[in-house]
Amino acid sequence: MAIRFEDIKDHIGSRVVWDDRADVFTPEAARAIRAKVEERTVVVFPELNLTDAEQLAITNLMGEKVRLTARNNVQSNDEDVYQVTLDEKINPQPEYVLGTFFWHMDGITVDMPPPFATLLSCRIAPDKGGETEFASTYAAYEGLSDEEKGELEGMKAVHSVRASLSPIADAIPEKHRERVLGIGLVKEHPLVWTHESGRKSLVIGTTADHIVGMEVPAGRAMLIRLQEWAAQPAFSLRHKWTKGDFVIWDNTGAMHRAIPYDKSTGRMMHRTSIAGTEAVAA
């Protein structure tokens, strides 16, 4: 195999090593990378320095790409590549990016299967802040006791963009606050996702507003405890970005969040997504 993988932590993360950069862009490599993403949740390519065309090529080799962009986002580059930035000249509604400071999974409130994977390349890395943290919800589920797993079976949570942006609602200009908070759908998902592979993961994050059939305070407290459990060091990974880094993660089995950073740093990430093949199922 022309590329190799090195585990970063016991339960999450692998680093890609290559002898020839061209070896990353082959169908054989794409199959191996996708399998490693499914196995290790997060795969890191240090300083690969992709162009948009190369990022799209890897995306297309790994699966069908899907556009997952905030409404009214203005992009100056390829429409299939989403620019993650607080620069209002590029992103006139940065509230969506500010919402990524909190644990979440992509595509949980849209009317299609959540994206299988998110692919992010670093174009401008801030000197301070801006790291991305990942938490494996596969490992979090597997680490629960049998009693705890049994308690979660059959439970469902209600997810919405309004819930995910509630921590920053006061920071959204009042003139378009309701429109921003009202995007997406209100979706009901099981807390435990039984994948077609047979593996199970938790479906949690700030989109999860409350648990069906449970008193709201108790349900929200449970959701926060599950987030904290999944984010513990054994199940999570923080990536400090260097310009040119490229990271792929299994969005169906991980939460992620950005460490806050000042918009003056110019932090810029280019994102593509791979379509999901299965809906969230109990």
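Residues numbered from 1 in each chain as written. Predicted model: local features only at pLDDT ≥ 70, side-chain atom pairs only at ≥ 80, totals over all residues. Heavy atoms only, no water.

Focus on the overall build of the chain
Note the cut-off: Helix and strand assignments come from DSSP, with helices taken as H or I runs of at least 4 residues and strands as E runs of at least 2, each series counted from the N terminus. The classification of residues rests on relative accessible area computed with a 1.4 Å probe and restricted to protein chains. Under 20% of the type maximum is buried, over 50% is exposed, and intermediate values are partly exposed. Working rule for contacts: check all heavy atoms of both residues, and any pair within 4.5 Å makes them a contact. Each accessible area value is a Shrake-Rupley result obtained with a 1.4 Å probe; residue values ignore everything except the protein chains displayed when judging cover. Neither His nor the chain ends is counted toward charge; the positive residues are Lys and Arg and the negative residues Asp and Glu. Think of each charge as sitting on NZ of Lys, CZ of Arg, CG of Asp or CD of Glu.
Tallying secondary structure elements over the chain gives eight helices and 15 strands in all. Taking the principal axes of its C-alpha atoms as reference, the chain extends roughly 55 × 50 × 30 Å. Among the 282 residues that make up the chain, the fraction classed as buried is 53%. When contacts within the chain are restricted to residue pairs at least 6 apart in sequence, long-range pairs at least 24 apart make up 79% of them. Here the chain has roughly 12600 Å² of accessible surface; of this, 50% comes from carbon and sulfur atoms. Of the side-chain charges in the chain, 32 are positive and 42 negative, and the distance between the mean point of each set is 4 Å.

A few points about the packing of aromatic side chains
Put simply, the test is: Only rings of Phe, Tyr and Trp enter the pairing, Trp through its six-membered ring, and a pair is recorded when the two centres are within 6.5 Å. The plane angle decides the type: under 30 degrees is stacked, over 60 is edge-to-face, the rest tilted. Only when the NZ atom of a Lys or the CZ atom of an Arg is both within 6 Å of the ring centre and within 35 degrees of the ring normal do we say a charge sits over the ring.
Overall, the coordinates contain four aromatic pairs when judged by the stated rule. Ring plane angle 70 degrees and centroid distance 5.6 Å describe the contact between F101 and Y261, whose orientation is recorded as edge-to-face. Of this pair, F101 sits in the loop between α3 (95-98) and β5 (117-124) while Y261 sits in the loop between β14 (254-258) and β15 (268-274), and the two are 160 residues apart along the sequence. Accessibility classification places F101 together with Y261 in one group, the buried group. Over the aromatic face of F116 sits the side chain of R34, whose NZ or CZ is 4.0 Å from the ring centroid. The ring of Y138 carries R199 above its face, with NZ or CZ at 3.8 Å from the centroid.

Observations concerning the confidence of the model for the chain
Keep this limit in mind: Each residue carries a pLDDT score, the predictor's confidence in it, ranging from 0 to 100.
Taken as a whole, the chain shows an average pLDDT of 93; of its residues, 96% reach a score of 70 or greater. The low-confidence segment residues 71-78 (pLDDT under 50) makes 21 contacts with residues lying over four places distant or belonging to another chain.

Observations regarding the environment of L152
Structurally, L152 can be placed in helix α5 (residues 146-152). Judged by relative accessible area, which is 5%, L152 ranks as buried. Residues in contact with L152, not counting those within four places in the same chain, are L144, L191, V192, L202, M222 and L226.

Some remarks on empty space enclosed by the protein
Going by this rule: Using a 1 Å grid laid over the protein atoms alone, points where a 1.4 Å probe fits but cannot get out form a cavity; open sets with protein on both sides within 12 Å along at least 5 of 7 lines form a pocket; any residue with an atom within 4 Å of a point counts as lining. Grid points are joined across faces, edges and corners, and a volume is the space filled by probe spheres set on the points. Under the scheme applied here, ten amino acids are nonpolar (Ala, Val, Leu, Ile, Met, Phe, Trp, Tyr, Cys and Pro), four are charged (Asp, Glu, Lys and Arg), and all others, including Gly, are polar.
Per the counting criterion, the structure on display carries one cavity of 30 Å³ or more. Of the volumes computed, that of the largest cavity is approximately 40 Å³. What lines the largest cavity is a set of eleven residues, and nearest its centre among them are R67, L68, D80, Y82 and R271. Among the elements that take part in the lining of the largest cavity, β15 stands out by supplying three residues, more than any other. By residue class, the composition of the lining of the largest cavity is four nonpolar, three polar and four charged.

Concerning the sheet that holds β15
Cut-off, in case you're wondering: For two strands to be treated as a pair, DSSP must find at least two bridges joining them. Working convention: axes come from line fits to C-alpha atoms, limited for helices to the stretch in contact. Angles between N-to-C directions cover 0 to 180 degrees.
Read from one edge of the open sheet, seven strands run β1-β2-β3-β13-β5-β15-β4, paired in mixed fashion. In this open sheet, the two strands that pair with only one neighbour each are β1 (3-7) and β4 (82-84). Going across the sheet, the axis of each strand differs from the next one's by a mean of 25 degrees, ignoring polarity. In this structure, β5 lies alongside β15, joined through seven bridges in antiparallel fashion. Looking across to β15, one finds that L120 is bridged to R271. Contacts between helix α1 (residues 27-40) and the sheet are confined to β1, β2 (14-18), β3 (42-45), β13 (246-250) and β15, with β1 contributing the most and set at about 10 degrees to the helix. Most of the contacts of helix α2 (residues 52-62) go to β15, to which it runs at about 25 degrees, and overall it touches β5, β13 and β15.

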